[in-house]
Amino acid sequence: MSNRIYYLGKNYKSLCNVLVLSLFIFSISSCNVVKRVKDNEHLITENAIIEDGKINNEERINNIVIQKVNTGMNGLLGIKLPLKLGIYNLARPNIDSIINAKVLSDSSKVRWKTKLLSKKQFDKEIETRKNFNTWLKRTGEAPTILNEDKTIKTTNNLRKYYYSKGWFNNQVEYEIEKDSSKRAQVTYKVTKNKPYILDSITPIISSVAIDTLYDKFSNTSLLIKGEQYNQLNYEKERERINTYLRNAGFYYFGQDYISFVTDTIKTNHKVNTELIIANRSIRGEDSTTTVPFKIYKIKEVNIFTDDNFDNRFKTISDTTIHENYNLYSKDKLRFRPKALTDAVFINKGDTYSDLARSRTSRYLNDLQMFRYPSIDYVENEEDTTLTANIYLEPKKKYQLSFDPEINTSNIQTIGFSFSTGLKIRNVFRGAESLELSGIAAIGASRNPSDDNTSFFDINEFGGNIRLTIPRFFSPFNTDKIVPKYMSPSTVINLSATSQQNIGLDKQALSGVLSYNWFPSKTVTNNLDLFNVQFVKNLNTSNYFGVYTNSFGRLNSIAREIDYIGDGETLENPLIENDFSPADQFIDDVLAGDTSLTLNDPDFATVNNIEERKERLTENNLIFSTSFDYKKDKRQNIFDNDFSVFKWRVELAGNLLSNISRLTGASKNDNGNYEVFGVAFSQYFKTEIDYVKYFDLGRKNVFAFRSYAGIAIPYGNSNSIPFAKSFFAGGPNDNRAWTAYNLGPGSSETTNEFNEANFKIHLSAEQRFNLFGQWYGALFIDAGNIWNVLDNVEDENATFNNINSLKDIAVGSGFGIRYDFDFFVLRFDTGFKTYDPSLIEGSRWFKEYNFRNAVFNIGINYPF
């Protein structure tokens, strides 16, 4: 009973703090919202659209209302919180008059303040008061005062909207309900009546060349007989026809030549449509003539390879013809002709096409070789042909970058790093890019070893080589599988890093051969055909210096069984061959040379620490192949109604395993094949990630994310390498736990880095505008990590069946964000709502307080 009271007390204090903060905000928001509303005016507190007797809350409909209620007046979760209006009401409407009356008009007060502050400081104080008042007005939001003229205009706009959707005979009326407290509610009552249905569509096409194509482009018409009239479909149909004809050779065609005439007279609520496509209009100096549209073909394609301001007066000195393309250069041609012609989709003899033009422009930009490529067409007067001129201005061949840094961290008092990079464009004359980069860093350790006399005892060095080829580097022709309009490219990347006095002093080598292509505007594909990673730990004796929690538990167990005395520790100095007192203690326990037996929980703890140490200190060799698929439906950075789907699958070790088996390679003592003395990893890994945004209007967005991943070891491995495992917690995961601090499962582990090979994560977040660039959020995160199908046997850490889902951790909280336009600075506070590491029956809200909260700082949104 006392424990319950204790937890209640902690929660009560935190809840009181939250309530005080909430009451303060509420007092600003709701206290006297009509403070700046004059006696003969009314504040609009509610707009309602009643459609055929039912309230319509659709954003598209409610956005038609001209006078919208103040932000927060509609209420989030039913709570009205007009914070911006409250801030505006704090401002004085006549600040100049008030200052003049209370300060400036009183000469004695002015003399006293001037004498106290000085004339300059006094003027600054007056200016500060005025600026603060201006800030309140600018940050806040003026009250929405009822204007009946705008209400009438809204009524007319609603009639137009419903008319555009096929309810030609709709009726819209409005009612205004005012009260004595200077508040008003506006209700718009809509009666739609019977809609009009599309019936016949009659084409009237003046140009014979277009008329002959009507049967082809009308098959996919958006105007379908029997459907309800929708003006938007007429606009989309106009765009569709224009796109079709522009891609069918009609160079001079435009949307203005397409019009629709509808007839609804005595048609029994049916719409008869005439599709009119006029002839081309040619404007002269004094008159305009009309001529039929013609199909244009491409007569020549000219590529000017070095067009820039500096050589504008030079004559062409180098001419090359390659596969019906004419390449002109004022200096020597820098590129292989095929490298440029492969980027051009405009072909000699083809009919004109907007699509070919846009694909060419996109591909040339993707090469990152040229500044603003441009494409012009010139009509040949003697026939219906066009000459395509492509102007290219190459970027500088060499680009050098430098990036010095000074930093500090939990392992070093001060550190200096210097990175440099060199980018070489068109390195092999095939529009390839070669990037060379390197980093060098030194630092002073916070806990230097006694025998280290050097102040800068930490260092890290690394280098990277990256070659990008704007096509598939393959002995086979892949054009039929991945056409060049998908912008295929190949990346070859080699890197190496080495560390000293950082963690376990890793040395890492990696190499990647990957292929990238874009099947559509929304889809991205990536295939890592070969991805080789080799990691060697040089300082495994420092394991317990890095994983101090494990070292602390060993010390506690050693004291409890009198292996060492009270106050003593298993210090880290080596005995021999990287062997420390802590290692000796582990060996003694597992060999049965201490009082611990197999049935003791502490024996299992020591065994787990040893297994984890072996896993985290072992060298890793990963030879994998992976495929990534991404479908991103976001139109632009302002789009808040979209979805993103990602899928990744990875296979590692199969090639090395097959080679080892076929060559009859021997196995080590653990029954594993080795390459260069290292047992390579073999596993299957897949991940699925789905994000969905819902735009609720007025800067309110609901975002949802679901994620699942699993990595299954087999063959040459019984566990997943640490770098390929999953973790939970952190500012982009479950925000009620710090990174690596959640899971696995319901285990009560105190490891510094908790990881496993199976993960489920769900997040939901409501984002809303507070005022100006400040935004708020309420969120719920759920998920955990587990071990499955590997060598971990702890029941609490493994996913055994559907019942293991009870170990999904739940966190909830709130966030404050500031939008800098180019990035978002995020402060999120997460509370442990359901903690699976606690005993069953005591998992909900036991640590739901600020003392146990996790405060996250992040850049941009978590998903």
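Parameters and conventions
- Residues numbered from 1 in each chain as written.
- Predicted model: local features only at pLDDT ≥ 70, side-chain atom pairs only at ≥ 80, totals over all residues.
- Heavy atoms only, no water.
- Helix = DSSP H or I, 4+ residues; strand = E, 2+ residues; numbered from the N terminus.
- Core = buried A, V, L, I, M, F, W, Y, C linked by side-chain atoms within 4.5 Å.
- Buried < 20%, exposed > 50% of the residue type's maximum accessible area, 1.4 Å probe, protein only.
- Contact = heavy atoms within 4.5 Å.
- Salt bridge = Lys/Arg side-chain N within 4 Å of Asp/Glu carboxyl O.
- Patch = residues over 30% accessible without salt bridge, like charges linked within 9 Å, V, L, I, M, F, W, Y side chains within 5 Å.
- Areas by Shrake-Rupley, 256 points an atom, 1.4 Å probe, with all protein chains shown as cover.
- Lys, Arg positive; Asp, Glu negative; His and termini not counted.
- Charge placed at Lys NZ, Arg CZ, Asp CG, Glu CD.
- Axes fitted to C-alpha atoms, helices over the stretch in contact; angles between N-to-C directions.
- Parallel < 35°, antiparallel > 145°, perpendicular 65-115°, else oblique.
- Left-handed = near helix turned anticlockwise from the far one by under 90°.
- Nonpolar A, V, L, I, M, F, W, Y, C, P; charged D, E, K, R; others polar.
- Pairing = 2+ DSSP bridges.
- Phe/Tyr/Trp six-rings, centres within 6.5 Å; stacked < 30°, edge-to-face > 60°.
- Lys NZ or Arg CZ within 6 Å of the ring centre and 35° of its normal.
- Expected span 1.5 Å × (residues − 1).
- Arc of directions from axis to C-beta.
- Polar contact = N/O pair within 3.5 Å; in protein donor to acceptor, adjacent residues only side chain to side chain.

A.B. asks: Outline the environment of Phe-726, supporting the account with residue identities and numerical values.
C.D. replies: Its place among the elements puts Phe-726 in the loop between β27 (700–713) and β28 (758–771). Separated by 15 residues in the primary sequence, Phe-726 and Ala-711 have C-alpha atoms spaced 8.7 Å apart.

A.B. asks: Any chance you could break down the nonpolar core for me, citing the residues and the numbers?
C.D. replies: Taken as a class, soluble globular proteins show a tendency for nonpolar side chains to be buried jointly. By size, the foremost hydrophobic cluster in this structure holds 29 residues, and its most contacted members are Ile-346, Leu-367, Phe-370, Tyr-377 and Ile-390. At the level of elements, β10 (297–304), β12 (325–329), α11 (337–341), α12 (354–366), β13 (374–380) and β14 (385–391) are the ones that each hand at least two residues to this core. Setting aside anything within four residues of it in sequence, one finds Ile-390 in contact with Val-301, Asn-302, Ile-303, Phe-304, Val-344, Thr-360, Leu-364, Ser-374 and Ile-375. Tyr-196, Phe-217, Phe-260 and Ile-277 belong to the second-largest nonpolar core, a separate cluster that totals 23 residues.

A.B. asks: Mind laying out the pattern of salt bridges, listing which residues take part and the relevant values?
C.D. replies: Tallied over the entire structure, the rule returns 35 salt bridges. One salt bridge in this structure joins Asp-342 and Lys-338, with 3.3 Å as the shortest N-O distance. Residue Glu-393 pairs with Arg-371 through a salt bridge whose shortest N-O separation is 3.7 Å. Residue Glu-393 is found in the loop between β14 and β15 (398–407), and its partner Arg-371 is found in the loop between α12 and β13; the two are separated by 22 residues along the sequence. Overall, the relative accessible area of 26% leaves Glu-393 in the partly exposed class. In the salt-bridge network here, residues are joined through shared partners; they are Arg-735, Glu-765, Arg-767, Asp-781, Arg-817, Arg-826 and Asp-828.

A.B. asks: Tell me about a positive patch on the surface, residues and numbers included.
C.D. replies: On the surface, Lys-35, Arg-92, Lys-102, Lys-109 and Arg-129 cluster together to form a positively charged patch. On the secondary structure map, Lys-109 appears in helix α5 (residues 107–117).

A.B. asks: Tell me what's going on with unusual backbone geometry, and back it up with residues and numbers.
C.D. replies: Here the amide bond leading from Gly-743 into Pro-744 is cis, since omega sits at -5 degrees, within 30 degrees of zero. If you trace the backbone, Pro-744 turns up in the loop between β27 and β28. You will see that Glu-323, though not glycine, has its phi angle at about 50 degrees, which is positive. Locating Glu-323 in the fold gives a position in the loop between β11 (318–322) and β12. With a phi angle near 70 degrees, Asn-324 is a residue other than glycine that sits in the positive phi range. In this structure, Asn-324 sits in the loop between β11 and β12.

A.B. asks: Tell me about the packing of α5 against helix α6 (residues 119–139), and name the residues and values.
C.D. replies: Relative to each other, α5 and α6 sit at 115 degrees, their axes nearing to 6 Å. Between α5 and α6, the angle falls in the class roughly perpendicular. In this structure, α5 crosses over α6, and the sense of that crossing is right-handed. Listed contacts from α6 to Val-110, Lys-113, Thr-114 and Leu-117 of α5 are Lys-119, Gln-121, Phe-122 and Glu-125. Along the lines of polarity and charge, the residues of the contact of α5 with α6 split into three nonpolar, two polar and three charged.

A.B. asks: Talk me through a nonpolar patch on the surface; I want residue IDs and the actual numbers.
C.D. replies: On the surface, Ile-406, Phe-416, Ile-442 and Phe-456 cluster together to form a nonpolar patch covering roughly 360 Å² of accessible area. Note on placement: Ile-406 falls in strand β15. Residue classification places Ile-406 among the exposed positions, given a relative accessible area of 64%.

A.B. asks: Hey, could you go over the pairing of strand β8 (residues 280–283) for me, with residue numbers and the actual values?
C.D. replies: Relative to strand β9 (residues 288–291), β8 runs antiparallel, the two being bridged by four bridges. Along β9, the bridge assignment pairs Arg-280 with Val-291. Following β8, the chain reverses through four residues before pairing antiparallel with β9.

A.B. asks: Before we move on, could you go through the packing of aromatic side chains and cite the residues and values that matter?
C.D. replies: Taken as a whole and assessed by the stated rule, the structure comprises 51 aromatic pairs. Here the aromatic rings of Phe-758 and Phe-799 are separated by 5.1 Å at their centres, their planes lie at 80 degrees, and the arrangement is edge-to-face. Linking Phe-758 in strand β28 with Phe-799 in the loop between β29 (774–786) and β30 (809–819), this pair joins segments that are 41 residues apart in sequence. By relative accessible area, which is 13% here, Phe-758 ends up buried. On the basis of an interplanar angle of 45 degrees and a centroid distance of 6.5 Å, the ring pair of Phe-820 and Phe-822 is categorised as tilted. When the ring centre of Phe-779 is taken as reference, the NZ or CZ atom of Arg-735 above it lies at 3.8 Å. When the ring centre of Phe-863 is taken as reference, the NZ or CZ atom of Arg-767 above it lies at 5.3 Å.

A.B. asks: An account of the pairing of strand β19 (residues 489–500) is needed here, citing residue identities and associated values.
C.D. replies: Here eleven bridges tie strand β18 (residues 458–469) to β19, and the two strands are oriented antiparallel to one another. Bridge pairing in β19 places Thr-468 opposite Val-491. Looking at chain direction, β19 and strand β20 (residues 506–517) are connected through ten bridges and run antiparallel. Across the sheet, the residue bridging to Asn-493 is Val-512, located in β20.

A.B. asks: So what's going on with helix α14 (residues 548–560)? Residues and values would help.
C.D. replies: Quick reminder: α-helices carry 3.6 residues per turn. Residues three or four places apart thus point the same way. Over its 13 residues, α14 runs 18 Å from end to end, which matches the ideal 18 Å to within 8%, given 1.5 Å per residue. Within α14, the full set of buried residues consists of Ser-550, Phe-551, Leu-554, Asn-555, Ile-557 and Ala-558. Viewed end-on, α14 has its buried residues packed into an arc of 165 degrees, placing them on one side of the element. In the stretch just after α14, Asp-562 is the one whose phi turns positive, near 60 degrees.

A.B. asks: So what's going on with the side chain of Arg-648? Which residues, and what values?
C.D. replies: Tracing the sequence through the fold places Arg-648 in strand β23 (residues 643–652). A relative accessible area of 18% places Arg-648 in the buried class. In terms of polar contacts, Arg-648 uses its side chain to reach the side chain of Asp-628, at 2.6 Å.

A.B. asks: Explain the sheet that holds strand β4 (residues 183–191) to me, and be specific about the residues and the numbers.
C.D. replies: Either a parallel or an antiparallel arrangement is found when strands of a sheet pair, and the pairing is made through backbone hydrogen bonds. Read across the open sheet, the four strands follow the order β2-β1-β4-β3; overall the sheet is mixed. Where the open sheet ends on each side, the last strands, each with one partner, are β2 (54–55) and β3 (171–178). In terms of strand pairing, strand β1 (residues 43–51) meets β2 through two bridges, oriented antiparallel. Along β2, the bridge assignment pairs Glu-51 with Lys-54. In the packing of helix α7 (residues 148–164) onto the sheet, the strands contacted are β1, β3 and β4, and the crossing angle to β3 comes to about 150 degrees.

A.B. asks: Describe the sheet that holds β14, with residues and values.
C.D. replies: Pairing in this open sheet of five strands is mixed, and the strands run β11-β12-β10-β14-β13 from one edge to the other. The open sheet has two free edges, formed respectively by β11 and β13, since each of these has just one partner strand. The sheet shows a mean angle of 20 degrees between the axes of neighbouring strands, taken without regard to direction. In terms of strand pairing, β10 meets β14 through seven bridges, oriented parallel. What sits directly across from Phe-304, in β14, is Tyr-391. Packing of α12 onto the sheet brings it into contact with β13 and β14, and relative to β13 it is tilted by some 150 degrees.

A.B. asks: Hey, could you go over helix α16 (residues 601–617) for me, with residue numbers and the actual values?
C.D. replies: Here α16 contains 17 residues, and its C-alpha end-to-end distance of 24 Å stays within 8% of the 24 Å for a straight helix at 1.5 Å per residue. Residues of α16 that are buried: Phe-603, Val-606, Ile-609, Glu-610, Arg-612, Lys-613, Leu-616 and Thr-617.

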